[in-house]
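# A closer look at the structure
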Amino acid sequence: MWALEHDVPAAPTDVPVVARVPALILVGTVALALVLAGGGYLPAGDVRAVLVAALHGALLTAALGAAAGASRAWTVTTPAIITLALIAVGAVASRIQAHGSLAYLAVLAWLSWLGVRGQLAPLGGRPTSMIALLVGSLAGVVLGSHVLLSATFTLGYRLRDDGVAAWLLALAYDVGLNIPSAELFVRGVVFDGLQRRVSFATGAAVATLAYLARFLPDPRLPSAVEVLAGATIYLTLLSAINSWLFWWSGSLLPGLASALAFFAAYRLLGT
């Protein structure tokens, strides 16, 4: 709604060719990792790290390519390479030691810098009102609180008991990489492109399917049927809320605040 009223150029759903090259490299990297793992040359933990890095790299590369294609004022090659390099550093650092996950915050710092320079504006990377931020934060807090209550009283999960530092380290991955990559691509590219061209309902529905496809295969999510069912419901609600926040405010920031509040609550659960 905000974007339509202010006649903001749409972010195209088609990713420019220049943005596909790093994505193809990522696919090759994943294939190589799987081959090495099949031959016993790469531990399973390292394979998961490669898959995570490849997934986020592909999402962010596609999002940056869409932003560059919409603005036509900059090329995506250098920002994409820097983004991929920072993700790789974070993945390696987090495999070496627990505190290495803090390296993912460098990805957030880099994306924030691109946002300040206006390069992410076609994806909704623009300032918004304090009211919109508060509404987004409150929505995430309410949904996250409901997750805690449902998981503890219904499924028997307990709050994590490894301390605040461990919780913050787990959240560093979400803050630095997990949330920005999902919101920039799913909301800034998929939803915004479809809600402009078709309708809000279509955009929200397709974005939600993309959101579920992104999060449900996460190997760190318990495989129990009741957990997957609950995760599907909450992620659907989170995606719908964030789509509405984007449509209402014209900015990704309220949705980022919503997702941050939700995952902050989720990370309080013990494994």
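For clarity, every value in this text was computed on a predicted model and none was experimentally measured. (Residues numbered from 1 in each chain as written. Predicted model: local features only at pLDDT ≥ 70, side-chain atom pairs only at ≥ 80, totals over all residues. Heavy atoms only, no water.)

## Let's talk about the overall build of the protein
A tally of helices and strands in the protein yields 10 helices and 0 strands. Counting from the amino terminus, helix and strand elements in the protein follow one another as α-α-α-α-α-α-α-α-α-α. In the protein, of all internal contacts separated by at least 6 residues, the share reaching a separation of at least 24 is 77%. Accessible area of the protein: about 13000 Å², with a carbon and sulfur share of 72%. (Helix = DSSP H or I, 4+ residues; strand = E, 2+ residues; numbered from the N terminus. Contact = heavy atoms within 4.5 Å. Areas by Shrake-Rupley, 256 points an atom, 1.4 Å probe, with all protein chains shown as cover.)

## Regarding helix α6 (residues 130-153)
The end-to-end C-alpha distance of α6 is 34 Å, a good match for the 34 Å that 24 residues give at a rise of 1.5 Å each. Three or more residues of α6 are buried, namely A132, G136, A139, G140, L143, G144, V147, L148, S150 and A151. (Expected span 1.5 Å × (residues − 1). Buried < 20%, exposed > 50% of the residue type's maximum accessible area, 1.4 Å probe, protein only.)

## Concerning the pattern of salt bridges
The tally for this structure, following the rule as stated, stands at 4 salt bridges. Note that R160 and D162 form a salt bridge whose closest N and O atoms lie 2.9 Å from each other. Of the residues examined, R160 reaches a relative accessible area of 25% and is grouped as partly exposed. Its salt-bridge partner being E183, residue R187 comes within 3.0 Å of it at the nearest N-O pair. Residue R187 and its partner E183 are both found in helix α7 (residues 164-197); the two are separated by 4 residues, about one turn of the helix. A relative accessible area of 1% places R187 in the buried class. Relative accessible area serves as the criterion here: at 1%, E183 is assigned to the buried category. (Salt bridge = Lys/Arg side-chain N within 4 Å of Asp/Glu carboxyl O.)

## Section: the environment of Y234
If you trace the backbone, Y234 turns up in helix α9 (residues 225-249). In this structure the C-alpha to C-alpha distance between Y234 and H146, which are 88 residues apart in sequence, comes to 9.2 Å. Those residues in contact with Y234 that sit more than four places away from it in its chain are L143, H146, V147, S150 and F262.

## Points about the side chain of R267
Checked against the element boundaries, R267 lands in the segment after α10 (253-266). A polar contact is formed between the side chain of R267 and the side chain of D174, at a distance of 2.6 Å. (Polar contact = N/O pair within 3.5 Å; in protein donor to acceptor, adjacent residues only side chain to side chain.)

## Examining the packing of aromatic side chains
Here the structure, examined in full by the defined rule, presents 9 aromatic pairs. Seen in terms of ring centroids, Y104 and Y173 are 5.6 Å apart; in terms of plane orientation they differ by 65°. Their pairing is edge-to-face. You can see Y104 sitting in the loop between α4 (77-96) and α5 (105-116) and its partner Y173 sitting in helix α7, a full 69 residues away along the chain. The two residues Y104 and Y173 agree in class, both being buried. (Phe/Tyr/Trp six-rings, centres within 6.5 Å; stacked < 30°, edge-to-face > 60°.)

## Observations regarding the environment of L216
Looking at the secondary structure, you find L216 in the loop between α8 (200-215) and α9. Since its relative accessible area comes to 26%, L216 is described here as partly exposed. Each C-alpha atom, one on L216 and one on A231, is 7.5 Å from the other, the two residues being 15 residues apart in sequence.

## Description of the environment of Y157
Here Y157 is to be found in the loop between α6 and α7. Through-space distance from the C-alpha of Y157 to that of L269 is 6.8 Å; in sequence the pair is 112 residues apart.

## Examining the nonpolar core
Core analysis: the largest hydrophobic core is formed by 52 residues, its most contacted members being L123, L184 and Y211. Residue assignment for this core shows that the elements contributing at least two residues are α3 (44-71), α4, α5, α6, α7, α8, α9 and α10. Examining the composition of this core, we find that 11 residues originate from one element, α7, more than from any other. Once you skip the residues sitting within four places of it in the chain, L184 turns out to touch L60, A63, L111, L120, L123, V189 and L252. (Core = buried A, V, L, I, M, F, W, Y, C linked by side-chain atoms within 4.5 Å.)

## A short note on α10
Within an α-helix, residues lying three or four positions from one another point in the same direction, as the helix has 3.6 residues per turn. Taking 1.5 Å of rise per residue, the 14 residues of α10 would be expected to cover 20 Å, and the 20 Å separating its terminal C-alpha atoms lies within 8% of that figure. Restricting attention to buried positions, one finds in α10 the residues P254, G255, A257, S258, A259, A261, F262, F263, A264 and A265.

## Some remarks on the packing of α7 against α8
At a minimum axis distance of 8 Å, the contact between α7 and α8 shows a crossing angle of 150°. Looking at the two axes, α7 sits roughly antiparallel to α8. Considering how the two elements wind past one another, α7 and α8 form a crossing that is right-handed. Taken together, the residues of α8 that come into contact with α7 (itself represented by Y173, N178, A182, E183, V186, R187, V190, F191, L194 and Q195) are F200, T202, G203, A204, V206, A207, A210, Y211, R214 and F215. (Axes fitted to C-alpha atoms, helices over the stretch in contact; angles between N-to-C directions. Parallel < 35°, antiparallel > 145°, perpendicular 65-115°, else oblique. Left-handed = near helix turned anticlockwise from the far one by under 90°.)

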